[in-house]
Protein chains: 4
Amino acid sequence: MNTVAKSATTGKQRMPKHNVHLLVSCPDARGIVAAITGFLTDHNVNVLDLDQHTDSDQGWFFARVAFDLTGCDVSLDRLTELWTRIADTLHMTWRIHDTAAKRRMAILVSKRDHCCRELLWRWEDGELDCEIPLVISNHEDLRDVIERFNVPFHALPVTPDSRSEQEKRIQELLIKNHVDVVVLARYMQVLTKSFVDRWPSRIINIRHSFLPAFAGGRPYHQAYDRGVKVIGATCHYVTEDLDAGPIIEQAVVQVNHRDTVGDLVRKGADLERSALVTGVRLHLQDRVLVHGQRTVVFQ
Amino acid sequence: MNTVAKSATTGKQRMPKHNVHLLVSCPDARGIVAAITGFLTDHNVNVLDLDQHTDSDQGWFFARVAFDLTGCDVSLDRLTELWTRIADTLHMTWRIHDTAAKRRMAILVSKRDHCCRELLWRWEDGELDCEIPLVISNHEDLRDVIERFNVPFHALPVTPDSRSEQEKRIQELLIKNHVDVVVLARYMQVLTKSFVDRWPSRIINIRHSFLPAFAGGRPYHQAYDRGVKVIGATCHYVTEDLDAGPIIEQAVVQVNHRDTVGDLVRKGADLERSALVTGVRLHLQDRVLVHGQRTVVFQ
Amino acid sequence: MNTVAKSATTGKQRMPKHNVHLLVSCPDARGIVAAITGFLTDHNVNVLDLDQHTDSDQGWFFARVAFDLTGCDVSLDRLTELWTRIADTLHMTWRIHDTAAKRRMAILVSKRDHCCRELLWRWEDGELDCEIPLVISNHEDLRDVIERFNVPFHALPVTPDSRSEQEKRIQELLIKNHVDVVVLARYMQVLTKSFVDRWPSRIINIRHSFLPAFAGGRPYHQAYDRGVKVIGATCHYVTEDLDAGPIIEQAVVQVNHRDTVGDLVRKGADLERSALVTGVRLHLQDRVLVHGQRTVVFQ
Amino acid sequence: MNTVAKSATTGKQRMPKHNVHLLVSCPDARGIVAAITGFLTDHNVNVLDLDQHTDSDQGWFFARVAFDLTGCDVSLDRLTELWTRIADTLHMTWRIHDTAAKRRMAILVSKRDHCCRELLWRWEDGELDCEIPLVISNHEDLRDVIERFNVPFHALPVTPDSRSEQEKRIQELLIKNHVDVVVLARYMQVLTKSFVDRWPSRIINIRHSFLPAFAGGRPYHQAYDRGVKVIGATCHYVTEDLDAGPIIEQAVVQVNHRDTVGDLVRKGADLERSALVTGVRLHLQDRVLVHGQRTVVFQ
């Protein structure tokens, strides 16, 4: 059995010095949790938070561990190297994120500003733990709004003919800016398979409908015509198959016969802001694991 | 201008003696509200509650008026006759419901009892203003549960071959029992077009999904596979096109990766009970107007 | 009986030219609705929307009528004069608001910007139908944030000794700017009775708790200590008795043991933004009637 | 480091044979999670589910572990004995619950049946994992309703003079029936301190208000008078201080000016049913830990 630090923290705990997140998924087996926590304790690493989920139907195990590296007997690189051996034995898919290295997030947007602006606002207020090195749009319209936040704005207009060329330039900008995660904040262009494939589970989209209802164009019009009493917005990872990516977060609100299409658009905009910010925050905190078409979201 | 009763009610109002509901829809025009309220006042009928909605996009007017017949200078039959003249001028579709005559509601159910039982319970407690002369099922299973409520239970088993014969017997039972409204409380048989056509906007179904998402079979399994973060239930009128009838009420609840299909079924059952009871109550209170595929619900 | 325009609008209705709102409350009596609608129709004024509520327990009647003045046979001033006679007969409290004259709204704020910023953003996007001639604060901190929206910012610092003096200067600014409605967007100073008395039902506050729970200081700390599972925010009119004013809107969200006080503050900020914007919008649309400590909110 | 079973479960996992729940709270320290999981793995016990929470502000650690005893190298009694040594070292408060031994739950009720009936219904449907050996009431009214569920019903009428005598008889009945948990399903008598002290964190009450708002009598009338726009119900453990016990669950719903006190009572009844069933289910699944006036609820 592992030894345990003898002096219990009796007062208010100090803030951890150096937080690291470990995300794991693997076939379920006996002793996985003990293996993970034992490994960390053996290296004098303190587990701050452990969230674990076993999908019994699929026989799959998922975990998120937040730990404090302060006091660890080896470097994070070496710890990772040692970890790899255990992870291999258990057929794990895993990733380790050192929170000391801030993620770099790019935002793509078209003409409507509400989602992009909400993200920038939260980021400015320190709510989103990342850097935002650039915003890219296929229109000039939002330059002023974006530049108010002191974030570089790149307008890359697109025509049916220039689509692949424009996408290539976006890729170049993302790579040049060392971007880790891309957010489509009501970006109204469909990305190609090759683009999407380069950013697996790292492109986050906000969809203005309660997926899978009302896929396709003009979802609020569809919702109005169908006469639903609840509308929604869906934050999901982008996959090749449009509107079918793994869902991170959905927000809903009641509507009624008094709501015009315009009202649905307005109420929906609030849902979009809320669902997107929540989804992005969860991603940045390493709380989302993708498994097939589903997500495990540790809250 | 209409004269107004001079003595204002200053204290607590007595309960009205004889409530009548008028539901109206027609092309929008100037003065409709005044026409309705003027007519009623001219006959010394007191408007208790007036709810009105104009759909500007479609140029259509809807209203629900609750009024007290006590003190009316003519009988309800005569009032209706006089009303018809005005209604014709305004190209109105309308109906008048005398609340003194309780509606007669039949419930159709299969093997799962939660929706039927919730309705019977509410009805027993006096929450649903109707009579329930019978419950019909295609199985024997729920006889004991239903008969606890002192409601006659009819089991009409059905095979692929006997479907039209069984439906015919249902029709006969409904007619013989002077039924006004039919509730499908998780009745797992599809009704034929001819059956549905005989009960326009008078068959209420509870659908175990957030329509239009997950139409078709096993919606909770579909929801699980898709990985949605919100599930729902939909109470709607039955039309020929399955799952496309006008929606009266939808209820939703958040779910997450920890929820198995079984959990979705359990949480969904609560939504089904809630949405169905609400939908049925609204219908019985004459608060629902159907217009195309949409409903106007005066709450 | 009133005559009715013969030509029904069969196609899509044009937008009304000149909207006016009438808000009425009075002791309940027979024929009030007919009196109102008959009067308007007699003057060739088209009722666009009528919402009415009778509180049977208290014997009180409330209504909101939106009508189109285009085609009216008299001026609005004359119409109001004629209306007064009817209103007097029925002992009505009422007000008429010509939407052509935009309301002038002042915002008071302290150091936290989220509520003020949300209002300014919505206003900039055309969602709030008003003018915002000024923002007043007891601190300098938010000058930059506010001035980004091209709204004049006045910092009026206050000390315990200068409180009445500072309040006097606020009054002067409000009057000089012809302000109709004052919004306290997390303004952390208590207003005096004499100030409040000058703006009856015209000062709107956002309270960072689900009133009446957690009145007094530091409500999120109180909520954390009590261990509630739901937190809320309350938008209400300001009255002399702090935290006791008539409630316009409340928003709530679930929380759990993982939420620190900081999380409650963050989640609560979202509720505050949402509840305040909704409350202000309802006020600006003349949808709120105050009756004692309660409000009638026509949605 | 702990060894890990080498053969990963690749297919669908079998249902565990013998589930045990361990609940732990203690001062935070390094290595607690590893200590717990290591201990279990050392005894060949498989961790099925581990949920852990560290309250950094208070420096306190909480965990719930569900494990499968099948294959354990010692009996549960011996495992518990060995566990005690570790727990003592870490200054833990803990309990172990063998799910093979069903809990025995008593329900106390007065005249309103909705909460009691909902519990019995769920229990009959197999949703609540417990035995219900008896229902006790201070009135005869609900005998028929309860006995329908084949549960013994005891009416113990009470007068101001007989209060302590009646409570004593309740205690005797509970003890005689080996009751583990007591549910107050709208039981309208205040229990004495001595009664409450005998069942720490084992008496669950449903309160018909959103605590701490509207403590005291007639909360729906209070809510109506105050004009709130949201009402709630609160499920909590009973402590000596009425209405101040640790909250397990709260449910809320929007209301508006159209809702009479009667409507609030009806809507509230739905919340009470829902919050109570959820609270009881969480308790029966060993998901609730009490810490001071707050609860940690592992969902």
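Here the structure is a predicted model, which is why all the values come from computation and not from measurement.

1. Description of the overall build of chain A
Part 1 of the argument: Helices and strands together make up the secondary structure of chain A, namely eight helices and 13 strands.
Part 2 of the argument: Each principal axis of the C-alpha atoms in chain A carries an extent, and together these give about 65 × 40 × 40 Å.
Part 3 of the argument: Here chain A holds 299 residues, and 59% of them are scored as buried.
Part 4 of the argument: Taking as baseline every contact in chain A between residues at least 6 positions apart, the subset at least 24 positions apart corresponds to 66%.
Part 5 of the argument: A total accessible area of about 11900 Å² is found for chain A, and carbon and sulfur atoms account for 49% of it.

2. Things to note about the interface of chain A and chain B
Part 1 of the argument: The interface of chain A with chain B comprises 37 residues on the first partner and 36 residues on the second.
Part 2 of the argument: Roughly 3200 Å² of surface becomes buried between chain A and chain B when both sides are summed, with 50% attributable to carbon and sulfur atoms.
Part 3 of the argument: Its largest share of buried area at the contact with chain B, chain A owes to R226, H257 and R294 of chain A, together 24% of the area lost on that side.
Part 4 of the argument: At the junction of chain A and chain B, the tally comes to two salt bridges.
Part 5 of the argument: Of the charged contacts, one joins R258 of chain A and D51 of chain B as a salt bridge, the two residues approaching to 2.9 Å between their closest N and O atoms.
Part 6 of the argument: Scanning the region where chain A abuts chain B turns up 22 residue pairs in polar contact (both at pLDDT 80 or more).
Part 7 of the argument: Listing elements by their share of the side of chain A that touches chain B, those giving two or more residues are β2 (46-55), α7 (219-226), β11 (247-254) and β13 (294-297) of chain A.

3. Quick notes on the pattern of salt bridges
Part 1 of the argument: As enumerated under the stated definition, the model contains 108 salt bridges over all chains in all.
Part 2 of the argument: A salt bridge links D49 of chain A to R258 of chain C, with the nearest nitrogen and oxygen atoms 3.9 Å apart. Of this pair, D49 of chain A sits in strand β2 while R258 of chain C is found in the loop between β11 (247-254) and α8 (261-284), placing the two residues in two different chains.
Part 3 of the argument: According to the relative accessible area criterion, D49 of chain A is buried, its value standing at 17%.
Part 4 of the argument: One salt bridge connects E124 of chain B with R117 of chain D, and the closest N-O pair in it is separated by 2.5 Å. Here E124 of chain B, found in helix α3 (residues 114-124), pairs with R117 of chain D, found in helix α3 (residues 114-124), and the two come from separate chains.
Part 5 of the argument: Overall, R117 of chain D belongs to the buried group, its relative accessible area being 4%.

4. Topic: helix α3 (residues 114-124) of chain C
Residue and element names in this part refer to chain C.
Part 1 of the argument: Across the eleven residues that make up α3, a large majority, nine, are buried.
Part 2 of the argument: Within α3, burial applies to H114, C115, C116, R117, E118, L119, L120, W121 and R122.
Part 3 of the argument: Residue G126 follows α3 closely and has a positive phi angle near 80°.

5. Description of the relation of the copies chain A and chain B
Part 1 of the argument: Superposing chain A onto chain B takes a rotation of 180° plus a shift of 0.0 Å along the axis, which leaves an RMSD of 0.0 Å. Seen this way, the second copy is the image of the first under a two-fold rotation axis. Considering only C-alpha atoms, the part of chain A nearest the rotation axis is A213 of chain A, at 2.3 Å.

6. Focus on the sheet that holds strand β10 (residues 230-237) of chain A
Residue and element names in this part refer to chain A.
Part 1 of the argument: Pairing in this open sheet of seven strands is mixed, and the strands run β7-β6-β5-β8-β9-β10-β11 from one edge to the other. Among the strands making up the open sheet, the edge pair consists of β7 (153-155) and β11. With strand direction ignored, the average angle separating the axes of adjacent strands in the sheet is 20°.
Part 2 of the argument: Here strand β8 (residues 181-184) runs beside strand β9 (residues 203-207); their pairing, made up of three bridges, is parallel. The partner of V182 across the bridge, within β9, is I203.
Part 3 of the argument: Across the face of the sheet, helix α5 (residues 163-176) comes into contact with β5 (103-109), β6 (130-137), β7 and β8 while running at roughly 165° to β6.

7. A few points about the side chain of H236 of chain C
Part 1 of the argument: Among the structural elements, H236 of chain C can be located in strand β10 (residues 230-237).
Part 2 of the argument: In this view, H236 of chain C contacts I203, I204, N205, R207, L211, G245, P246, I247 and I248 of chain C; residues no more than four positions away in its chain are not counted.

8. Focus on the state of the cysteines
All names here are of chain D.
Part 1 of the argument: If you walk through the whole model with that rule in mind, you get zero disulfides over all chains.
Part 2 of the argument: Not engaged in a disulfide, the cysteine C115 finds its nearest cysteine sulfur in C116; these two sulfurs lie 8.7 Å apart.
Part 3 of the argument: C115 sits in the buried class, given a relative accessible area of 1%.
Part 4 of the argument: Of the cysteine sulfurs around C130, a residue in no disulfide, the closest is that of C116, at 12 Å.

9. Points about the domain arrangement of chain A
All names here are of chain A.
Part 1 of the argument: The domain architecture assigned to chain A consists of domain 1 (19-98) and domain 2 (103-297).
Part 2 of the argument: Its C-alpha centre places domain 1 at a distance of 31 Å from the equivalent point of domain 2.
Part 3 of the argument: With twelve residues of domain 1 in contact, the opposing surface of domain 2 contributes nine residues.
Part 4 of the argument: Contact with domain 2 buries surface across domain 1, with F62, R64 and H97 losing the most and accounting together for 42% of the total.
Part 5 of the argument: Seen at the junction of domain 1 and domain 2, the total is one salt bridge.
Part 6 of the argument: Note that D55 is salt-bridged to R294, the shortest N-O span being 3.8 Å.
Part 7 of the argument: Connecting domain 1 to domain 2 are four residue pairs in polar contact (both at pLDDT 80 or more).
Part 8 of the argument: Looking at the side of domain 1 that touches domain 2, the elements with two or more residues in it are β1 (19-27), β2, β3 (60-68) and β4 (93-98).

10. Examining helix α5 (residues 163-176) of chain D
Part 1 of the argument: The terminal C-alpha atoms of α5 of chain D lie 20 Å apart, and with 14 residues this matches the ideal 20 Å at 1.5 Å per residue to within 8%.
Part 2 of the argument: Among the residues trailing α5 of chain D, H178 of chain D stands out with phi positive, at a value near 55°.

11. Describing the environment of L174 of chain C
Residue and element names in this part refer to chain C.
Part 1 of the argument: Topologically, L174 is positioned in helix α5 (residues 163-176).
Part 2 of the argument: The buried category is assigned to L174, whose relative accessible area is 0%.
Part 3 of the argument: Considered as a pair, L174 and D225 are 51 residues apart in the sequence and their alpha carbons are 39 Å apart.
Part 4 of the argument: Beyond its immediate chain neighbours, meaning those up to four positions away, L174 contacts A106, I136, V179, V182, F195 and W199.

12. Some details on the packing of aromatic side chains
Residue and element names in this part refer to chain A.
Part 1 of the argument: If you walk through the whole model with that rule in mind, you get twelve aromatic pairs over all chains.
Part 2 of the argument: Ring plane angle 50° and centroid distance 5.5 Å describe the contact between F39 and W83, whose orientation is recorded as tilted. With a gap of 44 residues between them, F39 in helix α1 (residues 32-42) and W83 in helix α2 (residues 76-89) connect regions that are remote in the sequence. Here F39 matches W83 in class, with each residue buried.

13. Some words on the nonpolar core
Part 1 of the argument: Formed by 191 residues in total, the largest nonpolar core has its most connected members in M105 and L276 of chain A, M105 and L276 of chain B, L276 of chain C together with L276 of chain D.
Part 2 of the argument: Leaving out residues up to four positions away in the same chain, L276 of chain C has contacts with C115, L119, V183, A185, I204, I206 and C235 of chain C.

14. As for the sheet that holds strand β5 (residues 103-109) of chain B
Within a sheet, adjacent strands bond to each other through the backbone by hydrogen bonds, running parallel or antiparallel.
Residues and elements named next belong to chain B.
Part 1 of the argument: The strand order β7-β6-β5-β8-β9-β10-β11 describes an open sheet built from seven strands, whose pairing is mixed. Each edge of the open sheet carries a strand with a single partner, namely β7 (153-155) and β11 (247-254). Neighbouring strand axes in the sheet, compared pairwise and without regard to direction, differ in orientation by 20° on average.

Conventions we followed
- Residues numbered from 1 in each chain as written.
- Chains lettered and ligands numbered in written order.
- Predicted model: local features only at pLDDT ≥ 70, side-chain atom pairs only at ≥ 80, totals over all residues.
- Heavy atoms only, no water.
- Helix = DSSP H or I, 4+ residues; strand = E, 2+ residues; numbered from the N terminus.
- Buried < 20%, exposed > 50% of the residue type's maximum accessible area, 1.4 Å probe, protein only.
- Contact = heavy atoms within 4.5 Å.
- Areas by Shrake-Rupley, 256 points an atom, 1.4 Å probe, with all protein chains shown as cover.
- Buried area = accessible area lost by both parts, 1.4 Å probe.
- Salt bridge = Lys/Arg side-chain N within 4 Å of Asp/Glu carboxyl O.
- Polar contact = N/O pair within 3.5 Å; in protein donor to acceptor, adjacent residues only side chain to side chain.
- Least-squares fit on C-alpha atoms with pLDDT ≥ 70 in both.
- Pairing = 2+ DSSP bridges.
- Axes fitted to C-alpha atoms, helices over the stretch in contact; angles between N-to-C directions.
- Disulfide = S-S within 2.5 Å.
- Domains from an automatic or database assignment.
- Expected span 1.5 Å × (residues − 1).
- Phe/Tyr/Trp six-rings, centres within 6.5 Å; stacked < 30°, edge-to-face > 60°.
- Core = buried A, V, L, I, M, F, W, Y, C linked by side-chain atoms within 4.5 Å.

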